[in-house]
Amino acid sequence: MKVLGIETSCDDTSVGIVEDGWKILGESTHSQIQTHRRFGGIVPEIAAREHFEFIDEVVFDALDQAELSLGEIDRIAVTYAPGLMSSLLVGVTAAKAMSALTNIPIVAVHHLRAHICAIQLNNPQLVEFPFVCLLASGGHTQILYVSSFEEMKLLGGTLDDSAGEAFDKVARLLGLPYPGGPEIEKLAKCLDFDCDVVFPMPKVGEFDFSFSGLKTFALRKVQALSQEDELSECQKIKIAYAFQERACSELSRKLIAAATKYNCQNIVISGGVAANSRLRSLVQAHELNVIAPDLRYCMDNGAMIASAGYHCPDVHGMDFDIKSRQPL
Ligand code: KG4
Ligand code: ZN
């Protein structure tokens with residue numbers, strides 16, 4: 001079965017064509033990073049306009065790569081939530097227009113479910129269930145017990161900022177460009193001296209997270225250090241390193257604790273923050289079966305939406321209303 005997946009929930013206009021939930025036949029993405037960088041974050045109105053400008057080009061490009069015509073597609077999968085409403089509407093409207101032209105059924109996909117299905121991309125082996133999953137992106141941070149791609153239970157989540165948001169905000173304090181996660185990771189790798197900065201450990205429930213205190217700690221540190229002069233490169237490196245250590249050790253510690261409590265050998269990390277190499281190595285240090293998507297499929301992409309459209313079919317005509325869809 002060939003599914004065309006459309007992702008427009010945030011700042012990527014992305015389409016992937018995936019066969020049987022794993023085999024990528026074609027994909028195309030227009031990234032808006034350069035557009036939003038000058039604002040230090042995503043501007044929703046501009047994001048929606050840019051999706052609108054590029055959506056058709058990205059669809060045709062993905063079809064060309066797959067050497068398919070729209071008529072050869074079996075399903076159109078589209079992100080309906082969560083995300084920026086005006087951006088989601090561009091993808092959903094494009095899906096409805098294509099469905100109206102061709103009678104191809106639409107599958108409404110929950111973005112977070114798709115981040116989990118991303119582990120199946122480029123991987124013909126069926127994933128072993130159950131697993132405990134850390135889903136850490138720019139919008140969400142959750143630990144889930146996943147019995148199948150359709151059945152999952154929330155064990156804990158962030159009480160304030162998401163992990164990705166915290167990376168982005170600390171990066172901004174350090175004068176680094178958006179998105180901040182990869183920039184913090186790059187800077188932290190430059191540490192080749194002793195680090196005397198230690199971020200406090202957030203005190204929250206068993207599988208919950210809190211990142212706003214880390215952000216405030218970074219702000220106070222930057223203010224204290226830059227009272228007279230601008231922050232030196234060495235000070236920036238220390239803050240980036242110490243923040244990453246605390247954020248990643250929190251994420252990894254709670255994920256491993258959940259896997260232990262639920263006696264689960266399989267763990268999955270997914271979402272943009274799962275691209276972080278320090279997080280990956282902390283999680284991999286335990287004797288557990290760790291599954292993570294290929295680096296590029298940790299980030300938002302249309303292929304993961306297509307995979308979810310295959311694995312979690314919630315098939316519609318054109319009549320679905322994105323406001324009434326159920327949460328994860
Ligand atoms: O999953 P994603 O592409 O979009 C959302 O669904 O939000 O995640 C984007 C987030 C951003 O906050 C970005 O800074 C973060 O993932 N991110 C990282 C890394 N690469 C992306 N965070 C830490 N380390 C990275 N290497
Ligand atoms: Zn995402």
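Further up the page is the structure itself.
Reading the values: the criteria
- Residues numbered from 1 in each chain as written.
- Chains lettered and ligands numbered in written order.
- Predicted model: local features only at pLDDT ≥ 70, side-chain atom pairs only at ≥ 80, totals over all residues.
- Heavy atoms only, no water.
- Near = heavy atom within 4 Å.
- Polar contact = N/O pair within 3.5 Å; in protein donor to acceptor, adjacent residues only side chain to side chain.
- 1 Å grid on protein atoms, 1.4 Å probe; cavity = no way out; pocket = protein on both sides within 12 Å on 5 of 7 lines; lining within 4 Å.
- Sits in = over half its atoms within 2 Å of the grid points.
- Helix = DSSP H or I, 4+ residues; strand = E, 2+ residues; numbered from the N terminus.
- Nonpolar A, V, L, I, M, F, W, Y, C, P; charged D, E, K, R; others polar.
- Pairing = 2+ DSSP bridges.
- Axes fitted to C-alpha atoms, helices over the stretch in contact; angles between N-to-C directions.
- Donors = N, O, S within 2.8 Å, 3.2 Å for Na, K, Ca; no water.
- Tetrahedral: all angles 85-135°; square planar, octahedral: opposite > 155°, others 65-115°.
- Core = buried A, V, L, I, M, F, W, Y, C linked by side-chain atoms within 4.5 Å.
- Buried < 20%, exposed > 50% of the residue type's maximum accessible area, 1.4 Å probe, protein only.
- Contact = heavy atoms within 4.5 Å.

Draft legend 1. Highlighting the site of ligand 1. Lining the immediate environment of ligand 1, one finds 21 residues, of which G138, D168, G181, E185 and G272 sit closest. H115 is positioned with one of its side-chain polar atoms (N or O) 3.1 Å from an oxygen atom of ligand 1. Between E185 and ligand 1, the recorded distance is 2.7 Å, taken from a side-chain N or O atom to a nitrogen atom. The site holding ligand 1 turns out to be the largest pocket. Going through the elements one at a time, α4 (111-117), α5 (163-173) and α6 (180-188) are the ones with two or more residues in the shell around ligand 1. Per-element accounting of the shell around ligand 1 gives the leading share, four residues, to α6. Partitioning the shell around ligand 1 into residue classes produces seven nonpolar, eleven polar and three charged.

Draft legend 2. Summary view of the sheet that holds strand β7 (residues 141-146). Ordered by their spatial adjacency, five strands build an open sheet running β8-β7-β6-β9-β10, and the pairing between neighbours is mixed. Every other strand in the sheet has two partners, leaving β8 (152-157) and β10 (289-291) as the edge strands with one partner each. Within the sheet, the average angular offset between the axes of one strand and its neighbour, ignoring direction, is 25°. Relative to β10, strand β9 (residues 266-270) runs parallel, the two sharing three bridges. Following the sheet pairing, I267 is matched in β10 by V290.

Draft legend 3. Representation of the coordination of the zinc ion (ligand 2). At the metal site, the zinc ion (ligand 2) is ligated by H111 (NE2), H115 (NE2) and D300 (OD), and these contacts range over 2.0 to 2.1 Å. Around the zinc ion (ligand 2) sit four donor atoms, and with donor-metal-donor angles ranging over 95 to 137° the site reads as irregular.

Draft legend 4. Structural detail: the nonpolar core. Ranked by internal contacts, the top residues of the largest apolar core, which has 46 residues, are L134, L174, I184 and F243. In terms of residue count, the dominant contributor to this core is helix α8 (residues 233-261) (twelve residues). Beyond its immediate sequence surroundings of up to four residues, L134 is in contact with Q142, I143, F209, L251, L255, V268, I269, S270 and L279. In terms of nonpolar packing, the next biggest core, distinct from the first, is built from 30 residues, L112, I116, L121 and A306 among them.

As far as function goes, none of this settles anything; it's purely spatial.
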